[in-house]
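Coordinate analysis (summary)
Residues per chain, in single letters:
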Amino acid sequence: MLYSIVSNDVDNSLMLRKSARPAHVERLQQLQDQGRLVLAGPSPAVDSDDPGDAGFTGSLIVAEFSDLAAAQAWADADPYVEAGVYASVVVKPFKQVFPK
């Protein structure tokens, strides 16, 4: 089943994000390589693909996991969590309707 992982950053998270990004992206690449990643990306703090020093306010990941507990465990082990990037993380089942 698919699960959404919606994360909200702490204020001024850009430097924390930069330090943990390689490990964070590596884990996402593993999901991609396994064919389990639907989408992933950050929310820019300003209306721009490249927010510069404004940074980001959170992230969204939609991926396949065996169950909610597995999705939660994966989210809990995110390097951004360990680095203190996220103020909160919510994991929920997700039903994809489009695209088919």
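Provided above is the structure to which this section pertains.
For clarity, every value in this text was computed on a predicted model and none was experimentally measured.

Attention shifts here to the sheet that holds strand 1 (residues 2-9). Each strand in a sheet pairs with its neighbour through backbone hydrogen bonds, running either in the same direction (parallel) or in the opposite one (antiparallel). Spatially, the four strands line up as an open sheet ordered 2-3-1-4, and their pairing is antiparallel. Single-partner strands in this sheet number two, and they are strand 2 (37-44) and strand 4 (86-94). Neighbour-to-neighbour, the strand axes of this sheet turn through a mean angle of 10°, independent of strand direction. Relative to strand 3 (residues 56-64), strand 2 runs antiparallel, the two sharing seven bridges. Across the sheet, residue proline 42 finds its bridge partner in strand 3, namely serine 59. With respect to the sheet, helix 1 (residues 14-33) is in contact with strand 1, strand 2, strand 3 and strand 4, its orientation differing from that of strand 3 by roughly 10°. Each of strand 1, strand 3 and strand 4 is contacted by helix 2 (residues 68-76), which is oriented at about 155° to strand 4, the strand it contacts most.

About the criteria used
Residues numbered from 1 in each chain as written. Predicted model: local features only at pLDDT ≥ 70, side-chain atom pairs only at ≥ 80, totals over all residues. Heavy atoms only, no water. Pairing = 2+ DSSP bridges. Helix = DSSP H or I, 4+ residues; strand = E, 2+ residues; numbered from the N terminus. Axes fitted to C-alpha atoms, helices over the stretch in contact; angles between N-to-C directions. Contact = heavy atoms within 4.5 Å.

Keep in mind these numbers describe shape, not what the thing actually does.
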